Amino acid sequence: MTVDNVALLDSARRGDQAAWDALVAEYNNLVWSIARGYRLDTADAHDAVQMTWLRLVENLHRIKDAERLAGWLATTARRECLQLLRKSGRERPAAEDVLLDIPDSAAPVDAALLLNERDGALWRAFQLIGEGCQRFLRVLMASPPPSYQEVSAALGIAVGTIGPTRQRCLEQLRRLIMADDSLAGQLRGDPA
Amino acid sequence: MTTDDELMEQLRRIANEVDAVPDLVDESARAAFTTRRLDDELAELLRDSYSAAPAEVRAEQPGPRMLSFESGEVALELQIEEIHGRLVLRGLAVGTLGDAEVETTSGTHSAAVDEQGWFRVDALPVEPLRVRVQAANGTSVTTGWIRH
């Protein structure tokens, strides 16, 4: 999964579209996951993602530390999401706080799309946990898995809080799952 | 018992299934590269009324968004307003030569700058835009992308 950001950024600076496409292929899922974590609907998430990449184009020559490119993208994506939320007046004063609620603007992703019943139940449980935890976990779900530095940049939270928050949010999810018999069996390791 | 790591992996797999990046979003991310401008000077954003005021204040006083940019001897004041689903841009350019160019992600619009430095473009699509002017010394100066 490790791509050579230094080489790719270097080629992109010289105008190599293929190198740019490789960066998009590597990080667009992270940027998208951040936008979805902030509960933007598809159109707004599209805007936030597009703005993030436009900003990278205009700052291509200013990125000093190529190793931190993913963190830069995550920070930029967060700012664009907050800007969009602010514009629609949905943001509250301390919205940078991961635990703060932002009213749901996104159409819930349809669990019925899932062929696997257990996956459907797990996804429904995910949509029932607190909004702060949903946002946090949705960013963590990015592919490839984001580093803690990237998560910190995406959510504006300290790296040191990520481990405990992950544990707490997954615990919340587990409690809901345990209330659901069919899923609980699976998680206990019962035969299917 | 499923470990935290296993549970996270399940969630990641499901997210990839039900909430993958739409093709259109990947396409516009790749297309962003075509907006690269090698020789332009990026003007510094000095003020954006949308970032300055809390949302509650704006809700009470819906008005145009004001932005100020600066680069060397060039100063740009922009005022953006959404009217009937289109953007109206008014601008004041100081220290520039010739027309202003307003670029959106779907096209470019030229705007004549009058003697006092004012220019205006009506009915722009609601999408990211940036303004490009020429400094007196011939350098092209561009604002960063603005998403209204």
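Everything quoted here is computed from the prediction, not taken from an experiment.

### Observations regarding the nonpolar core
Part 1: Core analysis: the biggest nonpolar cluster contains 78 residues, and A:Ile34, A:Ala35 and A:Leu73 have the highest contact counts within it.
Part 2: Once residues lying within four places of it in the same chain are set aside, the contact partners of A:Leu73 are A:Tyr27, A:Leu30, A:Val31, A:Thr52 and A:Leu56.

### Looking at the interface of chain A and chain B
Part 1: Listed per partner, the contact involves 45 residues of chain A and 35 residues of chain B.
Part 2: For the side of chain A that touches chain B, the elements supplying multiple residues, two or more each, are α2 (17-37), α3 (42-58), α4 (69-87), α5 (117-126), α6 (131-140), α8 (159-178) and α9 (181-188) of chain A.
Part 3: Here the element with the most residues in the side of chain A that touches chain B is α3(A); it accounts for 11 residues.
Part 4: Each residue belonging to the side of chain A that touches chain B can be placed in one class, and the counts come to 22 nonpolar, 11 polar and 12 charged.

### Thoughts on the confidence of the model for chain B
Part 1: Summary statistics for chain B give a mean pLDDT of 91 and a share of 92% for residues scoring 70 or more.
Part 2: Here the predicted complex carries an ipTM of 0.87, next to a pTM of 0.86.

### Looking at the sheet that holds strand β4 (residues 74-83) of chain B
Note on sheets: strands pair through backbone hydrogen bonds, and any given pair is parallel or antiparallel.
All names here are of chain B.
Part 1: Reading across the sheet, the five strands line up as β2-β3-β4-β5-β8 and stay open at both edges, with antiparallel pairing between neighbours. The open sheet has two edge strands with one neighbour each: β2 (44-48) and β8 (118-124). On average, adjacent strands in this sheet sit at an angle of 20° to one another, irrespective of strand direction.
Part 2: Two elements, strand β5 (residues 86-94) and β8, share five bridges in a ladder whose sense is antiparallel. Paired with glycine 91 across the two strands is phenylalanine 119, which belongs to β8.

### A closer look at unusual backbone geometry
Part 1: With an omega of -10°, the peptide bond between A:Ser143 and A:Pro144 qualifies as cis.
Part 2: Here A:Pro144 shows up in the loop between α6 and α7 (148-155).
Part 3: Phi is positive for A:Arg39, which is not a glycine, with a value near 65°.
Part 4: For A:Arg39, the position within the fold is in the loop between α2 and α3.
Part 5: Judged by the 22 C-beta atoms lying within 10 Å of it, A:Arg39 falls in the buried class.
Part 6: Of note in this structure, B:Ala123 is not a glycine but carries a positive phi near 55°.
Part 7: Looking at the secondary structure, you find B:Ala123 in strand β8.

Parameters and conventions
- Residues numbered from 1 in each chain as written.
- Chains lettered and ligands numbered in written order.
- Predicted model: local features only at pLDDT ≥ 70, side-chain atom pairs only at ≥ 80, totals over all residues.
- Core = buried A, V, L, I, M, F, W, Y, C linked by C-beta atoms within 7 Å.
- Buried ≥ 20, exposed ≤ 12 C-beta atoms within 10 Å, placed from the backbone.
- Contact = placed C-beta atoms within 7 Å.
- Helix = DSSP H or I, 4+ residues; strand = E, 2+ residues; numbered from the N terminus.
- Nonpolar A, V, L, I, M, F, W, Y, C, P; charged D, E, K, R; others polar.
- pLDDT = per-residue confidence, 0-100.
- Pairing = 2+ DSSP bridges.
- Axes fitted to C-alpha atoms, helices over the stretch in contact; angles between N-to-C directions.

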